[in-house]
Amino acid sequence: RTTPLNEGFKAAKGRYISILDDDDLVFDNWVESFHSLEEGNAGKIFHSYCAAQDWKVSQNADGENILTSISAFKTMYCVPFEMLEQLSTNRCPTFSLAFPSYVYNVLNIHFDETLTTTEDWDFLMRCAFICGVADIPNLTGVYRLWVNAESSATLHSRREWKKNHTYIQDKFKTNAVLIPKEELGGLMYNADSGSQ
């Protein structure tokens, strides 16, 4: 899974690089939203919002496969990037992100090719620790949740997902984490609430 990502990032020529999986749906404002963030945020990871939606594969009267949405939009990925929450759960589908190319080409942060799942979360966080994240609350696409089709969720066992998740969190523990100033207020509020 990770080798094509590393090869793609190596070949990319732009200031920013984004990942679009073959089953993601992006809207016409996808690139424009990232571009609008560059002024004042150059060098940071760009993060937009995306909707999640249940989809299924079925057949029409001629026996041809058709893809059908079967739910309303879900908003679990329509939230700002929060560093502390991201240490435990990834809330950023890859197409909702644009990475500055210098993190790959200059800082040599690459996708971990030992991982069989969650390689995007691992890469995102190792980059975010260094360059930070800028949000734009624009809905830029749909992350499809397949209910009856093959996906990474069905190709890999729960044990494998858990093993990779634990491995990544153990890597997080070996680094100091800079807390973005935008999150300090919430962190202090939560600390004060817990002490009362």
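The structure under discussion appears in the preceding block.
The paragraphs below set out a description of the structure included in this document.

The rules behind the values
- Sequence order as written defines the numbering, with residues in each chain counted from 1.
- Owing to the predicted nature of the model, reporting of local features is limited to residues with pLDDT of at least 70; listing and counting of side-chain atom pairs is limited to 80 or more, with chain, interface and lining totals taken over all residues.
- With hydrogens and water excluded, all non-hydrogen atoms of the structure serve as input to the side-chain values.
- Each nonpolar core is a collection of buried residues, namely Ala, Val, Leu, Ile, Met, Phe, Trp, Tyr and Cys, held together in the definition by side-chain atoms within 4.5 Å.
- Think of it in three bands: residues with accessible area under 20% of the maximum for their type are buried, residues over 50% are exposed, and the middle band is partly exposed, with areas taken using a 1.4 Å probe on protein chains only.
- Helix and strand definitions here come from DSSP, where helices need a minimum of 4 consecutive H or I residues and strands a minimum of 2 consecutive E residues; each element is numbered from the N-terminal end.
- By definition, residues are in contact when any of their heavy atoms lie within 4.5 Å.
- When DSSP finds at least two bridges between two strands, those strands are taken to pair.

1. Some points on the nonpolar core
Among the nonpolar cores identified, the biggest contains 26 residues, and F9, I45, F81, F99, F123, L124 and M125 are the most heavily contacted of them. Elements with a contribution of two residues or more to this core: α1 (2-11), β5 (97-100), α4 (102-105), α5 (119-131) and α7 (158-172). In terms of residues, this core owes the most to one element, α5, which gives 8 residues. In this structure, L124 is in contact with I45, F81, Q86, N90, C92, L97 and F99, ignoring residues within four places of it in sequence. Counting 11 residues, the second largest nonpolar core, distinct from the first, contains W30, C50, A98 and A134.

2. Structural notes on the pairing of strand β3 (residues 45-59)
Across the 15 residues that make up β3, a large majority, 11, are buried. Sheet analysis places β3 next to strand β6 (residues 133-146), joined by 10 bridges and oriented parallel. Bridging across to β6, A51 finds its partner in V142. Where β3 meets β5, 2 bridges bridge the pair, whose relative direction is antiparallel. Note on β5: the bridge partner recorded for F46 is A98. Note that β3 and strand β4 (residues 65-69) share 5 bridges and pair antiparallel. Bridged to Q59 within β4 is N65. Linking two consecutive strands that pair antiparallel, namely β3 and β4, is a turn of 5 residues; a positive phi of about 80 degrees is found at G63 within it.

Coordinates in, geometry out; function isn't part of it.
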